[in-house]
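# Architecture and fold: a report
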Amino acid sequence: MFSKILIANRGEIALRIIRACKELGIKTVAVHSTADANSLHVRFADESICIGPPESVRSYLHIPSIISAAEITGAVAIHPGYGFLSENPSLAEICETCGIKFIGPTPQNIRLMGNKVKARNTMQEAGIPIVPGSPERVETADEAIDIADKIGYPVILKASAGGGGRGMRILKKRDDLRDSFSVVQAEASAAFADPHIYLEKYIEKPRHIEFQIIGDEKGNIIHLGERDCSIQRRHQKLIEESPSPAISAKLRKEIGNCAVKAARFINYRSVGTIEFLLDGNGDYYFIEMNTRIQVEHPVTEMVTGIDLIKEQIRIAAGERLKIKQKDVKIFGHSIECRINAEDPDKFTPSPGKITALNIPGGPGVRVDTAVYSEYTVLPHYDSLIAKLIVHGLDREDAIAKMNRALEEFHVEGIKTTIPFHKKALSHKDFLEGKFCTDFVERLNSKV
Ligand code: ADP
C-alpha cells in the first residue's frame, strides 16, 4: 500500500480523500493556493504545501507545482479528485515518467474518453448504443445541416472537448443550426481551446442515468448500479439518487452489463462512470464516460456499502478487486442534494462569508463539506459548498429524511440552493419519481 498520497484538489473532495487515506493508514499531503491556507483539507492533512496564487491555472491546474510538491514531500501517489486535473492525460503521463502513481486510469483511457467524438466511435465499435448523430466532428454548417436533415430536428451541437454542461446548444430547425454553427465553434474554442464540435439528435425528455463501474489492474470489472441525475440546471446536476425510480431490475441488469462491456472494451481500470440518456420508450444511449470519481459518488456508497475512494486507492496500489458482481446488493435508497453558494432561483454565484452555520445530522444523514462558520466562500472556485446525502429504507423514507435534514441546514451570510431543494422535493413529479432533465425549467416556470 502507498505510504503517502498527495491530494491534487481542494474543498470537500480533498477532505473526503484524506478521510479515506486515514482509514487506510496512509499519510497525506494537501496542496493549496494562498487563498486556501485556512481550509479544512489543509488542516486535516498530515502535511501541506502552498502551490501558488488563488487563480486555478497558477495553482490547482499547474502541473509542475503539483509534481514538485509530491517530490519535495516524498508522496508516492497523487489523487486528483474530480474537476481540476482529474481528466488531464498529461498529469497521468508525467506521473508515470516521474515514478509517481496516478490514482486513476491510464493516460490512454483518459485521452480516448476525453474526446467525445472518439468516445462515441469507440463505444459504437464496442456494440454500445449511442445517440444518433455525426459519425465524426462536423466542420461546416452545411455538413451539419445534411446530417440533421437525416436524423431529424431538434439536434444538439456539442464541443468534442466539452464538460461541466458547457459547450452545448439545442437547435430546433435548420435556420437555427445555420445561425448558431460558428457561434458554438467559437465558444468551444474559447472554453476548451479546441474548436471541434459534433452533432447529436436531441433526445426529448430524457432521464440521465449513469452507471458506476470499478475495475482493477487484473481485468476484473463490475458495476455498482445506477445513479439518476436527471435533475439539472444548465445541464449540470443538482440532485442525484440511487437507485433510479425509472429503472426496473431487468433494465438495471441490461444497462449495467452494457456499461461493463464498454469498460472492458477499453481495458479500463479504476473507478469510472458511463453516462446514458434514457428515453420515454426505455431505449438508452451512451453520451459520455467520466474517467474519475464523480461528485455524486456517495449515493452509490450509501446503497452498496462500498467505499469507492478506498477501493480506488487499493486498486491503484495493485490490489485485486475483492467484490464480485453477484455480491453487489443495492440496499435502500439514497439521495444527494448539492448545496451550492448560489442564488436559488437564478443559480448565479453567491460567494462571501458564512456568518452562521448549522450542519444537519441524525440517522441516515451524511454531509460532505469543507466549510465552517466564518469560512469565506471564494469566488475563484466551484460554487459547491456541501453535499447533503441521505440513506433511507426506501425512496419515501429517503425523501422524508432529506426534508428533515434540509430544515436543519442553516447557512447565513450567503445565498445557497437549499430553498431550491426544499421546493424540488415537495413537487408532485419528484415525489412520484416521474421527471426528466427539464424538471428544473418546469419547476421555475411553475408548471
Ligand atoms: P458534460 O460532459 O458537459 O456533462 P454530457 O454529454 O454529459 O455533457 O451532457 C450533459 C447533459 O446535457 C445531459 O445529462 C443531458 O441533460 C444533456 N444532453 C446531452 N446530450 C444530449 C442529447 N443528445 N439529448 C438530450 N439531452 C442531452
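Our subject is the structure listed above.
None of these values were measured; they are calculated from a predicted model. (Residues numbered from 1 in each chain as written. Predicted model: local features only at pLDDT ≥ 70, side-chain atom pairs only at ≥ 80, totals over all residues. Heavy atoms only, no water.)

### Focus on the overall build of the chain
Across its full length, the chain holds 15 helices and 20 strands. By residue count, 59% of the 447 residues in the chain fall in the buried class. Looking at the chain alone, contacts between residues at least 24 apart form 66% of all its contacts between residues at least 6 apart. Averaging the coordinates of the 59 positive side-chain charges in the chain and doing the same for the 59 negative ones gives two points 3 Å apart. (Helix = DSSP H or I, 4+ residues; strand = E, 2+ residues; numbered from the N terminus. Buried < 20%, exposed > 50% of the residue type's maximum accessible area, 1.4 Å probe, protein only. Contact = heavy atoms within 4.5 Å. Lys, Arg positive; Asp, Glu negative; His and termini not counted. Charge placed at Lys NZ, Arg CZ, Asp CG, Glu CD.)

### Let's talk about the packing of aromatic side chains
This structure, assessed with the given rule, holds nine aromatic pairs. Ring plane angle 85° and centroid distance 6.4 Å describe the contact between Phe211 and Phe276, whose orientation is recorded as edge-to-face. Of this pair, Phe211 sits in strand E9 (residues 207-215) while Phe276 sits in strand E12 (residues 270-278), placing them 65 residues apart in sequence. When its relative accessible area of 0% is taken as the criterion, Phe211 is described as buried. In this structure Phe276 comes out as buried when scored by relative accessible area, which is 1%. With a centroid separation of 6.0 Å and 65° between ring planes, the pair formed by Phe435 and Phe439 is classed as edge-to-face. Grouped by ring-pair contacts, the aromatic residues Tyr60, Phe84 and Tyr381 constitute a single cluster. Its end group placed over the ring of Tyr372, Arg43 keeps NZ or CZ at 4.9 Å from the ring centre. The lysine or arginine in question, Arg207, covers the ring of Phe435, its NZ or CZ lying 4.3 Å from the ring centre. (Phe/Tyr/Trp six-rings, centres within 6.5 Å; stacked < 30°, edge-to-face > 60°. Lys NZ or Arg CZ within 6 Å of the ring centre and 35° of its normal.)

### Details of the sheet that holds strand E4 (residues 77-79)
Across a sheet, paired strands are connected by hydrogen bonds in the backbone, their directions being either parallel or antiparallel. Taken in spatial order, the five strands of this open sheet run E3-E2-E1-E4-E5, and their pairing is parallel. A strand with exactly one partner marks an edge of an open sheet, and here the two such strands are strand E3 (47-52) and strand E5 (101-102). (Pairing = 2+ DSSP bridges.)

### Here's the deal with the sheet that holds strand E7 (residues 168-171)
The sheet built from three strands is open, its strands ordered E7-E6-E8 with antiparallel pairing. Edge positions in the sheet fall to E7 and strand E8 (197-201), since each has one partner strand and no second. Averaged over all adjacent pairs, the angle separating strand axes in this sheet is 25°, with direction ignored. Across five bridges, the pairing between strand E6 (residues 155-159) and E8 is antiparallel. If you follow Ala159 over to E8, its bridge partner there is Ile197. The strands that helix H6 (residues 116-125) touches are E6 and E8; relative to E8, the one it contacts most, it runs at about 50°. Helix H8 (residues 174-192) rests against E6, E7 and E8 of the sheet, and its axis sits at about 175° to E7. (Axes fitted to C-alpha atoms, helices over the stretch in contact; angles between N-to-C directions.)

### Here's the deal with the packing of helix H1 (residues 11-24) against helix H11 (residues 308-316)
Helix-helix packing is characterised by the crossing angle of the two axes and by the distance between the axes. Two elements in contact, H1 and H11, have axes whose closest approach is 9 Å; the angle formed by their N-to-C orientations is 65°. Crossing of H1 over H11 shows right-handed handedness. Taken together, the residues of H11 that come into contact with H1 (itself represented by Ile13, Arg16, Ile17, Ala20, Cys21, Glu23 and Leu24) are Leu308, Ile309, Lys310, Ile313 and Arg314. Of the residues that constitute the contact of H1 with H11, the class distribution is eight nonpolar, no polar and four charged. (Left-handed = near helix turned anticlockwise from the far one by under 90°. Nonpolar A, V, L, I, M, F, W, Y, C, P; charged D, E, K, R; others polar.)

### Examining the side chain of Lys310
Take Lys310: it is sitting in helix H11. A relative accessible area of 15% means that Lys310 is categorised as buried. Here the side chain of Lys310 touches Glu23 through a polar contact of 2.8 Å, side chain to side chain. Setting aside its immediate chain neighbours within four residues, Lys310 contacts Ala20, Glu23 and Leu24. (Polar contact = N/O pair within 3.5 Å; in protein donor to acceptor, adjacent residues only side chain to side chain.)

### Concerning the pairing of strand E1 (residues 4-7)
The alternating pattern of E1 places Lys4 and Leu6 on one face and Ile5 and Ile7 on the opposite face, and all of these are buried. Pairing of E1 with strand E2 (residues 27-33), which is carried by four bridges, proceeds in the parallel orientation. By the bridge assignment, Ile7 is partnered in E2 with Ala30. In this fold, the crossover linking E1 to E2 by way of H1 has right-handed handedness. Bridge count between E1 and E4: three bridges; the pairing is parallel. The residue of E4 that forms the bridge with Ile5 is Ala77. (Right-handed = clockwise from strand over helix to strand, strands pointing away.)

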